[in-house]
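Spelled out from the first residue to the last, the chains are:
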Amino acid sequence: MMRSVLLFIVLFVHSSFLWGQSTTETLVDYRFQIQRAVDPLVVDGKLDEQSWAEAEVVSDFWMQQPLDGIKAGPRTEVRMTYDADHVYIAATCYDVQNYVVQTLERDKSFFEGDGFAVIIDPVNSRTNGFFFGISPFNVQSEDLLGPNAPRELTFSWDNRWFSAVTRLPDRYVVELAIPFKTLRFKKDIATWGINFIRNNMAKNEYYSWTPMPVNFRLYDLGYTGAMRWDKAPDKTGTNISLIPYVTSGAVQDTDTEMTTDLGMDAKVAITSSLNLDLTLNPDFSQVDVDVQQTNLTRFNLRFPEQRDFFLENNDLFTGFGPNSAKPIFTRRIGLDEDNQPIPIAYGARLSGNLNPDFRIGLMNIRTRATPSQAAQNYSVGVFNQSLWERSVLRGYVTNRQAHTAGNGIDKTDFGRNAGMELNYLNESGTWNYFGAFHLSEKSQIGMGNYRQLGFEYGGRKWNFRLNYYGMEDDYYADMGFIPQMRNYDALNDTVYHLGMEHFHGRIGYIIRPENGSRIVAHDIQLRNTINYYTDWSFMDNELRLDYQIRFRNTSRIDFQAQGLDTRLLFHTGFTEGEPLQPGLYRYPRVSLSYSSDARTGLPFRGEIGSGRFYNGYLTSYLLELNLRRQPWGLFSLSWEQNDLSLPEPHGTSTLTLISTRSEINFSTNMFWTSFLQYNTQQENFNINSRLQWRYLPMSDFFVVYTYNYSFSPFIETRRNQALLLKFTYMFTI
């Protein structure tokens, strides 16, 4: 305990001497003039119109990875123009060697293959924007950028735009047409933020038009240049899209039942920067199944949101709190604790900018009653107010309210939360200070609070983070995810809801060898996390060392050493034997993994871990094999095994998780994906196979087959399967 407190204090004191206001490198020279097209444009990847001949050309890109501050070797030329309905981007990427393209499926693996992308900030706020990427095989990827967005893009936003690519022996040419209706902007803004990036996987290099430090993401909005319009684009006209669906199929449980269902989604542009999304009786049968995980913790695991309606603008609603203490987690809506679907009757979401600095979000979802749960109404309101250069003040309110048949609102069953957060980011993006205060009110419980304070620094070599958050025993988040508050007593089969005080410190150093080295970086990180209960009695502590070696050929070696201290308050079970008794356990662990060159046709990853586990021993193995047949096929096999041995009478256990996945791309519009999983911990085997044909933009036909088999002797119905057809079509008004 003492070493954790000392590390936290030392890091805090040391940080006070490192404070300084950094500023971005001057980007005044990175200005781009866009002129209206002089003739009609056909998106064919040929660039033979007069408008392209007269358009301004920008080139002279900078390398950003693996080293910055160096001019890019391969030449890239970019042009832009526009007409009444679209903004057009054209790029010629020279000095192409061997293409690396992982897939033909939309929104997949953009940064793992060759490609070109444009980053657009229509309100020039450096906090929100759009990402549009294209591969040499005309595979589209798009996403929303924002201050709350995850560090890794999810490519969850889906909208209509057009592209074409021409591949030549020494270069490829991309041409994009993005409708103004797709972009959310305010009229009369004559300067937009803009940047262009290019992936060159043959050399494992990434380039950007503006110079960007190596310690930032390529799509960081703080390093955009300026695009100046000859005339600011006018407000777009009516933009209403209706996407009805129909499903039909057979579901087999104890009996076979034929099913048919109807529903609809709608997208309405209230203004050019404010959008309303509606859903009626939504269906998510085509969504990817969860990738199963082996759970060797005391708490529930987190699975990502994959349902389309909840993914768009997800950063606006779920950006509050750290990953381990989310007050808003949309998987709590329409899914039960076992991740089984709860039918949703309808939903509405209003989101966008009221002005360049003020962003809002309103969401309301109504679920239907089930045999085990009353109907629920979920309401969320959020705002983001941009401050200074790149900082944000944000707030939220949530309300979960039960409804009973015939009686309406159940005033004895509700959960409410509200909170404010301030996230200060200096102009260069290296210093981040954050603080938060949240309140909760739950029926039969009362009021509780959550508070957070911390800061983070990310430089070229040094990085560190200090973070504190705490929550009272009476703090609840019915629409959130805070797994460590749920403590299970295996002896009495009882769950206890307990608050906590959390401290985390991290310090890291990155060594980047000079250009020409086989090694790109040595990344060394030391972390310490310590948790207490609300009475300040000890909960657990982790002291961890991570060392990663990244190679020029994309391969990687990872080493991890842990020292763990855990105080169990309750009996806790990990095997079929008797649960572990309450008490203090100290146990060290180490692991080593290697990931091969991801550009080859047969990349693989292997990992082994060993050490103590509470009062026993745990040895873990992992092997992942991938077979890539560019660009039409990707086949993978993953095997994970955990051998757990505890002293008698606590027992032993061998936990095995095997999964296979195949992705066959018939074209950029037709894909067949199959996923098989075998999990001995969950005593489950399942198959999910999906054929998707995107016959028109935002219009799809799906064939989905699912099969589940449980080999648990305690489940009466062990087998179920379903074959479903789903048809969607987008109408634009």
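Residues numbered from 1 in each chain as written. Predicted model: local features only at pLDDT ≥ 70, side-chain atom pairs only at ≥ 80, totals over all residues. Heavy atoms only, no water.

## Remarks on the confidence of the model for the protein
Here the protein shows a mean pLDDT of 89. Residues at 70 or above account for 95%. Scored below 50 in pLDDT, residues 1-26 makes 47 contacts in the model with residues more than four places away or belonging to other chains. (pLDDT = per-residue confidence, 0-100. Contact = heavy atoms within 4.5 Å.)

## Re the pairing of strand S39 (residues 699-710)
Judged from the 11 bridges that link them, strand S38 (residues 684-696) and S39 form a sheet pairing that is antiparallel. If you follow Ile687 over to S39, its bridge partner there is Tyr707. Direction of pairing for S39 relative to strand S40 (residues 719-728): antiparallel, over a ladder of 9 bridges. Following the sheet pairing, Thr706 is matched in S40 by Ala722. (Pairing = 2+ DSSP bridges. Helix = DSSP H or I, 4+ residues; strand = E, 2+ residues; numbered from the N terminus.)

## A short note on empty space enclosed by the protein
Enumeration over the complete set of coordinates arrives at 8 cavities of 30 Å³ or more. A volume near 180 Å³ is recorded for the largest cavity. If you go around the largest cavity, you meet 13 residues; those closest to its centre are Asn128, Phe130, Arg184, Asn353 and Arg359. At the level of elements, strand S8 (129-134), strand S9 (140-145) and strand S18 (344-355) are the ones that each hand at least two residues to the lining of the largest cavity. Taken together, the residues that form the lining of the largest cavity break down as 5 nonpolar, 6 polar and 2 charged. Taken as a whole, the second largest cavity encloses approximately 80 Å³ of empty space. (1 Å grid on protein atoms, 1.4 Å probe; cavity = no way out; pocket = protein on both sides within 12 Å on 5 of 7 lines; lining within 4 Å. Points joined across faces, edges and corners; volume = space filled by probe spheres on them. Nonpolar A, V, L, I, M, F, W, Y, C, P; charged D, E, K, R; others polar.)

## Points about the pairing of strand S13 (residues 205-208)
Burial along S13 is two-sided: Glu205 and Tyr207 and Tyr206 and Ser208, pointing in opposite directions, are all buried. With 3 bridges connecting them, strand S3 (residues 62-65) and S13 associate as antiparallel partners. Paired with Trp62 across the two strands is Ser208, which belongs to S13. (Buried < 20%, exposed > 50% of the residue type's maximum accessible area, 1.4 Å probe, protein only.)

## Let's talk about the side chain of Ser699
Counting through the fold element by element, Ser699 comes out in strand S39. On the basis of relative accessible area, Ser699 is assigned to the buried category, the value being 1%. Residues contacting Ser699, with those up to four places away along its chain left out, are Trp693, Arg694, Thr728, Tyr729 and Met730.

## Observations regarding the pattern of salt bridges
Under the criterion given, the structure shown has 39 salt bridges. The salt bridge involving Arg465 is made with Glu456; its shortest N-O contact spans 3.1 Å. Arg465 gets classed as buried once you look at its relative accessible area, which sits at 19%. Among the residues examined, Glu456 registers a relative accessible area of 23% and is labelled partly exposed. Linked through salt bridges whose partners overlap, the residues forming this network are Glu105, Lys108, Asp288, Arg661, Glu663 and Arg690. (Salt bridge = Lys/Arg side-chain N within 4 Å of Asp/Glu carboxyl O.)

## Re the packing of aromatic side chains
All told, the structure shown has 59 aromatic pairs when counted by the stated rule. A ring pair is formed by Tyr585 and Tyr614, whose centres lie 5.5 Å apart and whose planes are at 70 degrees; its orientation type is edge-to-face. One end of the pair, Tyr585, is in strand S32 (residues 583-595); the other, Tyr614, is in the loop between strand S33 (604-613) and strand S34 (616-629), with 29 residues separating them in the sequence. Each member of the aromatic cluster is reached from another via a ring pair, and the members are Trp388, Tyr424, Trp431, Tyr433, Phe455, Tyr457 and Phe464. Residue placement shows Arg307 over the ring face of Phe284; its charged tip is 5.6 Å from the ring centre. It is Arg612 that lies over the ring of Tyr617; its NZ or CZ is 4.5 Å from the centre. (Phe/Tyr/Trp six-rings, centres within 6.5 Å; stacked < 30°, edge-to-face > 60°. Lys NZ or Arg CZ within 6 Å of the ring centre and 35° of its normal.)

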